[in-house]
Amino acid sequence: MEIRYELKSEKERRSEPLQPSEPLPFGVLRTDHMFIMDYEEGEWKNARIVPYGDIPIAPGAITLHYGQAIFEGAKAFCHDDGEIYTFRIDKNAKRMNKSADILCIPNIPEEIQIEAVHSLIDVDRLWFPKQEGASLYIRPFIFATQDSLGVHPSSSYKFMVIMSPSGPYYPAGFTKPIKLLITERFHRAAPGGTGSSKAAGNYAASLRAGEFAKKFGASQVLYLDTTNTYIEEAGAMNHFHITKEGEVVIPEFVDSVLRSITSESIMELSDRLDIKVTQKRVKIKEFIEEVKAKNITEAGGLGTAAVISPVGEYAFEDGGTLVVGDGNIGPNTRKIYEYYTGIQTGKVEAPEGWLKKVERKV
Ligand code: PLP
Ligand code: COI
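Draft legend 1. Examining the pattern of salt bridges more closely. Scanning the model with the defined rule gives 18 salt bridges in all. Between Asp 38 and Arg 48 there is a salt bridge, with its nearest N and O atoms 3.0 Å apart. Note that Asp 38 is positioned in strand E2 (residues 33-40) and Arg 48 in strand E3 (residues 43-51), a separation of 10 residues in sequence. Across the pair, Arg 48 and Asp 38 agree in class, each one buried.

If you want it as structure tokens, here you go:
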């Protein structure tokens, strides 16, 4: 792919490595540049890297009215050799195309998506946060730009990538387990819907539940399926629990659940971790009984932004609570977290193909 570079002048852009003294918030900072490519007349074209900034959009653009928009979330890590590596970016590119299929958006070849991300990181590599636990969060996204009020797939789109040097998604990071609200009131997705895609609308639809959860001191809702029988997801994370025998259980990737790259990675690492990882449908009633009986001793959420976030407690709308184990981070969760982040940061050998070095081009 040919990329046009319209970069900020040397004076305007970062000239020294980012060295924040404060803990970095998640998703707030931006790097100097962004990647853009247009879909017009049936093809993706005009790839460019330009200064980060506002973009013009027609007031009638389909994305603003009907939400034809999808996104991805990926991370890059700086290793001790001073080089930057993206983590499983090929999986993000593949999933972007799966989301595109679900939202009737034209696919972008995986290698083009990866080149877009790597070229942008290369330009903005001084924005890499060196703080412990921080990473470069990468946000590729596609949205419909056709100016039309009819409900139909757009004839034009933009694919963009922006980046944010970020600390942990939950401000306390791995040190403090989170609380989830168990409720039958809200559902994230239904069978035959868009739940297995990263459609922007899924997140708009989750805001009300997230705000409701806060009233109970919870960070997020534990989403059940639409029959209120099975556990599906935990906010913007997959859910997991660990039995007292040390078996990790992740709810099945049914049609209303996002296929988490973090979950898939933990499953692929089970031999190395010497931990049994099983996927199955998990009945909420049985889950609650087993936590009470202390047969389930650890639980948490899995996701790129949230990494592995232990859950210490579940809340109920009647004010009741359910503590998992002793409410602290359990030994298996800690072991998985350390191994997984060890791979990401280059301290533990990564399986073949998981890390891709960002080559120096510019
Ligand atoms: N589930 C939902 C609804 C999400 O938004 C995310 C975040 O991307 C995940 C699960 C975790 O997926 P991944 O591990 O690929 O980031
Ligand atoms: C991610 O984990 O990358 C996500 O996309 C979740 C997000 C909504 C912050």
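Draft legend 2. Layout of the packing of aromatic side chains. Inspection of every chain in the model, using the stated rule, returns 14 aromatic pairs. Aromatic side chains Phe 141 and Phe 143 sit 6.0 Å apart centroid to centroid with 15° between the ring planes, which places their arrangement in the stacked category. Taken together, a centroid distance of 3.7 Å and an interplanar angle of 10° make the contact between Phe 174 and Tyr 337 stacked. Within this pair, whereas Phe 174 is found in the loop between strand E8 (157-166) and strand E9 (178-182), its partner Tyr 337 is found in helix H9 (residues 331-344), the two being separated by 163 residues in sequence. Following the ring pairs from residue to residue traces out a cluster consisting of Phe 26, Tyr 137, Tyr 169 and Tyr 170. Over the aromatic face of Trp 127 sits the side chain of Arg 14, whose NZ or CZ is 4.2 Å from the ring centroid. Geometry around Tyr 230 places Arg 281 over its ring, the cationic atom sitting 4.2 Å from the centre.

Draft legend 3. Main features of the packing of helix H2 (residues 89-102) against helix H3 (residues 110-123). Orientation of H2 relative to H3, taken along the N-to-C sense of each, is 125°, at an axis distance of 9 Å. When the interaxial angle is binned, H2 and H3 end up oblique. Crossing of H2 against H3: the hand is right-handed. The residues of H3 that touch H2, namely those facing Ile 89, Asp 90, Ala 93, Lys 94, Met 96 and Asn 97, are Glu 110, Gln 113, Ile 114, Val 117 and His 118. Classifying every residue of the contact of H2 with H3 gives 5 nonpolar, 3 polar and 3 charged.

Draft legend 4. Highlighting the site of ligand 1. In the vicinity of ligand 1, 16 residues are found, and the nearest of them are Tyr 203, Glu 233, Ser 260, Thr 262 and Thr 304. For ligand 1, an oxygen atom lies 2.6 Å from a polar atom in the side chain of Ser 260. Separating an oxygen atom of ligand 1 from a side-chain N or O atom of Thr 304 is a distance of 2.6 Å. Burial of ligand 1 by the protein chains amounts to 96% of its free accessible area of 380 Å².

Draft legend 5. Region of the structure containing the packing of H2 against helix H6 (residues 261-268). H6 packs onto H2 with a crossing angle of 130° between their chain directions and a minimal axis gap of 11 Å. With respect to H6, the axis of H2 lies oblique. The two elements H2 and H6 cross, and the hand of that crossing is right-handed. The residues of H6 that touch H2, namely those facing Lys 91, Asn 92 and Arg 95, are Ile 261, Glu 264 and Glu 268. The residue inventory of the contact of H2 with H6, partitioned by class, reads 1 nonpolar, 1 polar and 4 charged.

Draft legend 6. Representation of H3 within the structure. Over its 14 residues, H3 extends 20 Å from the first C-alpha to the last, a length consistent with the 20 Å expected when each residue adds 1.5 Å. Most of H3 is tucked away, with 10 of its 14 residues classed as buried. Taken as a whole, H3 has its buried residues at Gln 113, Ile 114, Ala 116, Val 117, His 118, Ser 119, Leu 120, Ile 121, Asp 122 and Val 123.

Draft legend 7. Quick look at the site of ligand 2. In the neighbourhood of ligand 2, the contacting residues comprise Phe 71, Gly 73, Tyr 137, Arg 139, Tyr 169, Lys 198, Tyr 203, Ala 236, Thr 304 and Ala 305. Take Lys 198: an N or O atom from its side chain is 2.7 Å from an oxygen atom of ligand 2. Between Thr 304 and ligand 2, the recorded distance is 3.4 Å, taken from a backbone N or O atom to an oxygen atom. Look at ligand 2: alone it shows 280 Å² of surface, and the protein chains cover 89% of it. Across the shell around ligand 2, the residue classes tally to 6 nonpolar, 2 polar and 2 charged. Residue contributions to the shell around ligand 2 reach at least three from each of two domains, namely domain 1 (4-167) and domain 2 (178-344).

Draft legend 8. Inspection of the domain arrangement of the chain at higher detail. Per the domain assignment, the segments making up the chain are domain 1 (4-167) and domain 2 (178-344). Spacing between the C-alpha centres of domain 1 and domain 2 amounts to 27 Å. Of the residues lining the interface, 20 residues belong to domain 1; the matching set on domain 2 comes to 20 residues. Across the domain 1/domain 2 interface, buried area totals approximately 1,800 Å², and carbon plus sulfur atoms make up 60% of it. When the buried area of domain 1 at its contact with domain 2 is split by residue, Phe 71, Phe 87 and Arg 95 rank highest and sum to 33% of it. Our count for the contact surface shared by domain 1 and domain 2 stands at 2 salt bridges. The partner of Glu 268 in a salt bridge is Arg 88, with the nearest N and O atoms 3.1 Å apart. Counting the contacts that link domain 1 with domain 2 gives 10 residue pairs in polar contact (both at pLDDT 80 or more). Those elements that place two or more of their residues in the side of domain 1 that touches domain 2 are strand E4 (69-71), strand E5 (74-78) and H2.

Draft legend 9. How the structure looks around the nonpolar core. Judged by nonpolar contacts, the single largest core of 37 residues is most densely connected at Phe 35, Trp 44, Ile 121, Ile 138, Ile 142, Phe 159 and Val 161. Looking at this core, the elements that each hand over two or more residues are E2, E3, E5, H2, H3, strand E7 (135-144) and E8. In terms of residue count, H3 provides more of this core than any other element does, 6 residues in total. Dropping the residues within four chain positions of it, Ile 138 is found in contact with Glu 72, Gly 73, Ala 74, Lys 75, Ala 76, Thr 86, Val 117, Ile 121, Val 161, Ile 162 and Met 163. Listed in part, the 23 residues of the second largest apolar core include Leu 180, Phe 287, Phe 316 and Leu 322.

Quick notes on the rules
- Residues numbered from 1 in each chain as written.
- Chains lettered and ligands numbered in written order.
- Predicted model: local features only at pLDDT ≥ 70, side-chain atom pairs only at ≥ 80, totals over all residues.
- Heavy atoms only, no water.
- Salt bridge = Lys/Arg side-chain N within 4 Å of Asp/Glu carboxyl O.
- Helix = DSSP H or I, 4+ residues; strand = E, 2+ residues; numbered from the N terminus.
- Buried < 20%, exposed > 50% of the residue type's maximum accessible area, 1.4 Å probe, protein only.
- Phe/Tyr/Trp six-rings, centres within 6.5 Å; stacked < 30°, edge-to-face > 60°.
- Lys NZ or Arg CZ within 6 Å of the ring centre and 35° of its normal.
- Axes fitted to C-alpha atoms, helices over the stretch in contact; angles between N-to-C directions.
- Parallel < 35°, antiparallel > 145°, perpendicular 65-115°, else oblique.
- Left-handed = near helix turned anticlockwise from the far one by under 90°.
- Contact = heavy atoms within 4.5 Å.
- Nonpolar A, V, L, I, M, F, W, Y, C, P; charged D, E, K, R; others polar.
- Near = heavy atom within 4 Å.
- Polar contact = N/O pair within 3.5 Å; in protein donor to acceptor, adjacent residues only side chain to side chain.
- Areas by Shrake-Rupley, 256 points an atom, 1.4 Å probe, with all protein chains shown as cover.
- Expected span 1.5 Å × (residues − 1).
- Domains from an automatic or database assignment.
- Buried area = accessible area lost by both parts, 1.4 Å probe.
- Core = buried A, V, L, I, M, F, W, Y, C linked by side-chain atoms within 4.5 Å.

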